[in-house]
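Here's the letter readout for the chains.
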Amino acid sequence: MVELDKVFDKVVKDKIRTIPNKIRTIETAKDKGKLLAVRGQYDYVEKVIPHCYAAEKRLLEPTEPPPDLPHFDVIFIGCPGQVNIKEWGQPLHTFLEQGGVLLTTDWCLQNLVQVIFPNTIYKNGTAEGNFALRVQMPEHPLLEGITNCAGISWSVETASHKIGIHDPQRVEVILDAPDMGEPSNVLVAF
């Protein structure tokens, strides 16, 4: 496994060599970054965590109460996002207001995101199949270093939740897949 880690590290560094300051960002994350992951029922975040750049990595079960969230830089909540909303709601808001990043999967829409962040996004149907991506915001920081993802096939698993938008003034659509049908949003931020 150690050899695999070295190969992964080299591939990532080679891929981002042309992006200013990215190597420094990775080194800083390795030295100081703090990642919290909440295990999902339908994904395997525990297999991804070892490959993430962070000095501190912590994995929780969804039944556990939140630790001191502002201590972390990034929180990933796995599918389907069934944490205790009464315990996690306010700490997540505080974490985000202080500049933290929350990453979720599509199935977290109904169970977590639309509950904690009403009037932003919501589950609006389901989809499955392969659909070409369209870039709506090529300069968005989440796409930094991705030279061209337009037209790349996006694989949507059976019963994946489609992202509806309540407030287009507040929600940015970064990627969509028009052939998926409306709503066609794939990657959003708010």
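Asks: Which residues make up the pairing of strand E1 (residues 34–38), and what values do they have?
Replies: Burial of E1 is extensive: four of the five residues sit out of reach of the surface. Inspection of the sheet shows E1 paired to strand E2 (residues 56–60) by five bridges, in the parallel sense. Bridge assignment links Leu35 to a residue of E2, and that residue is Lys57. In this sheet, strand E3 (residues 74–77) lies alongside E1 in parallel orientation, the contact comprising four bridges. Note on E3: the bridge partner recorded for Val38 is Ile77.

Asks: Report on the packing of aromatic side chains, specifying residues and quantitative values.
Replies: Applying the stated criterion to the full structure yields two aromatic pairs. On the basis of an interplanar angle of 75° and a centroid distance of 5.2 Å, the ring pair of Tyr42 and Trp107 is categorised as edge-to-face. One end of the pair, Tyr42, is in the loop between E1 and helix H3 (45–48); the other, Trp107, is in the loop between strand E4 (101–104) and helix H5 (108–116), with 65 residues separating them in the sequence. According to the relative accessible area criterion, Tyr42 is partly exposed, its value standing at 48%. A ring pair is formed by Phe117 and Phe190, whose centres lie 5.7 Å apart and whose planes are at 70°; its orientation type is edge-to-face. Note that Phe117 is positioned in the loop between H5 and strand E5 (121–132) and Phe190 in the segment after strand E9 (185–189), a separation of 73 residues in sequence.

Asks: Would you mind going over helix H4 (residues 85–97) in detail, with residue names and values included?
Replies: Over its 13 residues, H4 extends 17 Å from the first C-alpha to the last, a length consistent with the 18 Å expected when each residue adds 1.5 Å. Of the positions making up H4, those classed as buried are Trp88, Gly89, Leu92 and Phe95. One side of H4 carries all its buried residues, which in axial view fall inside an arc of 145°. Away from the buried face of H4 by more than 90 degrees, exposed residues Lys86, Gln90 and Glu97 are located.

Asks: Describe H5, naming the residues involved and giving the relevant values.
Replies: All of the buried residues along H5 are Cys108, Leu109, Leu112, Val113 and Ile116. Down the axis of H5, the buried set is contained in an arc of 130°. They therefore lie on one face. Each element contacted by the buried residues of H5 is listed here: E3, H4, E4, E5 and strand E7 (153–165).

Asks: Describe the pattern of salt bridges, naming the residues involved and giving the relevant values.
Replies: Inspection of every chain in the model, using the stated rule, returns three salt bridges. For Arg39, the salt bridge goes to Glu61, with nearest N and O atoms at 2.7 Å. Of the two residues, Arg39 sits in the loop between E1 and H3 while Glu61 sits in the loop between E2 and E3, which places them 22 residues apart along the sequence. The class for Glu61 is partly exposed, based on a relative accessible area of 33%.

Asks: Lay out the nonpolar core with the relevant residues and their values.
Replies: Of all hydrophobic cores here, the largest spans 23 residues; its most connected members are Ile75, Ile77, Trp88 and Leu92. Sorting the residues of this core by element identifies E1, E3, H4 and H5 as the ones contributing at least two each. It is H5 that provides the largest number of residues to this core, a total of five residues.

Asks: Kindly report on the confidence of the model for the chain, identifying the contributing residues and their values.
Replies: On average, residues of the chain score 86 in pLDDT, and 88% of them are at 70 or above. Predicted confidence in the chain is weakest over helix H1 (residues 2–16), with a mean pLDDT of 54, and strongest over strand E8 (residues 172–176), with 96.

Asks: Please provide a residue-by-residue account of the sheet that holds E4, values included.
Replies: Strand order in the open sheet made by the four strands is E2-E1-E3-E4, with parallel pairing throughout. Each end of this open sheet is capped by a strand with a single partner; those strands are E2 and E4. Across this sheet, the average inter-strand angle for adjacent strands is 15°, counted without regard to direction. The strands that H4 touches are E1, E2, E3 and E4; relative to E4, the one it contacts most, it runs at about 125°.

Calculation notes
- Residues numbered from 1 in each chain as written.
- Predicted model: local features only at pLDDT ≥ 70, side-chain atom pairs only at ≥ 80, totals over all residues.
- Heavy atoms only, no water.
- Buried < 20%, exposed > 50% of the residue type's maximum accessible area, 1.4 Å probe, protein only.
- Helix = DSSP H or I, 4+ residues; strand = E, 2+ residues; numbered from the N terminus.
- Pairing = 2+ DSSP bridges.
- Phe/Tyr/Trp six-rings, centres within 6.5 Å; stacked < 30°, edge-to-face > 60°.
- Expected span 1.5 Å × (residues − 1).
- Arc of directions from axis to C-beta.
- Contact = heavy atoms within 4.5 Å.
- Salt bridge = Lys/Arg side-chain N within 4 Å of Asp/Glu carboxyl O.
- Core = buried A, V, L, I, M, F, W, Y, C linked by side-chain atoms within 4.5 Å.
- pLDDT = per-residue confidence, 0-100.
- Axes fitted to C-alpha atoms, helices over the stretch in contact; angles between N-to-C directions.

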